[in-house]
Amino acid sequence: MRSVDVVAIASSGFAGLEPEVLLPLSVAERLRLHEVAEPEARTKVTGDGREVSLLRYGGSVRVYVLASDRVEGPVTSAAVVAPGARYVLLNDKLLGRLRVVLLDFGDGTWCFRDELGRRERRSL
């Protein structure tokens, strides 16, 4: 089993029917996803209406949130690989399963669901 630690973006515009994580090609290669699952070719529509071709590896990764004082996860997720992607993005369903609540998108504050009203965390 391979692992990689990355900083990911909680994307409010990345919606899906199940947990998905968007990976740049370089991260997918480091994880050797081609050894874990057979990819499916997919097309997604971006926020600006463009259609983007990508590869989707269903149920191929386990995602964790590593905070300074706790670890949340694992959540089994599909990995979506887009050749032009530069950042790791977490979709709405994955964030929900990881129990992440986004408090202020502009300030980058968030918390875990069980911390609501008691704690605010700052993004990197």
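As shown above, the structure is provided for reference.
Remember, predicted model here, so these are calculated numbers, not experimental data.

Caption draft 1: Up close: the packing of aromatic side chains. Evaluated as defined, the whole model comprises one aromatic pair. Judged by centre distance (5.1 Å) and plane angle (80°), the ring pair of W110 and F112 falls under edge-to-face. Residue placement shows R70 over the ring face of F112; its charged tip is 4.1 Å from the ring centre.

Caption draft 2: Highlighting the sheet that holds strand β5 (residues 71-82). The sheet built from six strands is open, its strands ordered β1-β6-β2-β5-β4-β3 with mixed pairing. With one partner strand each, in any of the chains shown, β1 (8-10) and β3 (40-45) form the two edges of the open sheet. Pairwise comparison of adjacent strand axes, ignoring direction, gives a mean angle of 40° for this sheet. Alignment of β1 against strand β6 (residues 88-90), held across three bridges, turns out to be parallel. From the neighbouring strand, A8 faces β6, where its bridge partner is V88.

Caption draft 3: How the structure looks around the sheet that holds strand β8 (residues 109-112). One open sheet holds the three strands; their spatial order is β7-β8-β9, and the pairing between them is antiparallel. Unpaired on one side and paired on the other, β7 (100-104) and β9 (121-122) mark the two borders of the sheet. Here β7 runs beside β8; their pairing, made up of four bridges, is antiparallel. Paired with V101 across the bridge in β8 is C111.

Caption draft 4: Molecular detail of the side chain of E72. Residue position: E72 is located in strand β5. A distance of 2.7 Å separates the side chain of E72 from the side chain of R70, its partner in a polar contact. In this structure, E72 is in contact with V63, Y64, V65, L98, R99 and F112, ignoring residues within four places of it in sequence.

Caption draft 5: Spatial organisation of the environment of R70. By the element assignment, R70 lies in the loop between β4 (51-66) and β5. Other than its neighbours up to four places away in sequence, R70 contacts V65, F112, D114, E115 and R121. One polar contact links R70 to D114, side chain to side chain, over a distance of 3.1 Å.

Caption draft 6: Representation of the pairing of β5. In this structure, strand β2 (residues 20-24) lies alongside β5, joined through five bridges in parallel fashion. From the neighbouring strand, V21 faces β5, where its bridge partner is A79. Here β4 pairs with β5 via eight bridges, running antiparallel. Across the sheet, L55 pairs through a bridge with V81, a residue of β5. What sits between the antiparallel neighbours β4 and β5 is a turn of four residues.

Caption draft 7: Region of the structure containing a nonpolar patch on the surface. A grouping of Y64, L66 and V71 is seen on the molecular surface, where their side chains present a nonpolar patch of about 300 Å² in accessible area. Secondary-structure assignment places V71 in strand β5.

Caption draft 8: Quick peek at the pattern of salt bridges. Under the defined criterion, the tally for this structure stands at 13 salt bridges. Salt-bridge contacts for R50 lead to D48; the nearest nitrogen and oxygen are separated by 2.9 Å. A salt bridge links D114 to R70, with the nearest nitrogen and oxygen atoms 3.1 Å apart. Linking D114 in the loop between β8 and β9 with R70 in the loop between β4 and β5, this pair joins segments that are 44 residues apart in sequence. We classify D114 as partly exposed; its relative accessible area is 35%. Given a relative accessible area of 21%, R70 falls into the partly exposed group. A single network of salt bridges, built from pairs that share partners, joins D69, R70, E72, R99, D114, E115, R119 and R121.

Scoring rules and cut-offs
Residues numbered from 1 in each chain as written. Predicted model: local features only at pLDDT ≥ 70, side-chain atom pairs only at ≥ 80, totals over all residues. Heavy atoms only, no water. Phe/Tyr/Trp six-rings, centres within 6.5 Å; stacked < 30°, edge-to-face > 60°. Lys NZ or Arg CZ within 6 Å of the ring centre and 35° of its normal. Pairing = 2+ DSSP bridges. Helix = DSSP H or I, 4+ residues; strand = E, 2+ residues; numbered from the N terminus. Axes fitted to C-alpha atoms, helices over the stretch in contact; angles between N-to-C directions. Polar contact = N/O pair within 3.5 Å; in protein donor to acceptor, adjacent residues only side chain to side chain. Contact = heavy atoms within 4.5 Å. Patch = residues over 30% accessible without salt bridge, like charges linked within 9 Å, V, L, I, M, F, W, Y side chains within 5 Å. Areas by Shrake-Rupley, 256 points an atom, 1.4 Å probe, with all protein chains shown as cover. Salt bridge = Lys/Arg side-chain N within 4 Å of Asp/Glu carboxyl O. Buried < 20%, exposed > 50% of the residue type's maximum accessible area, 1.4 Å probe, protein only.

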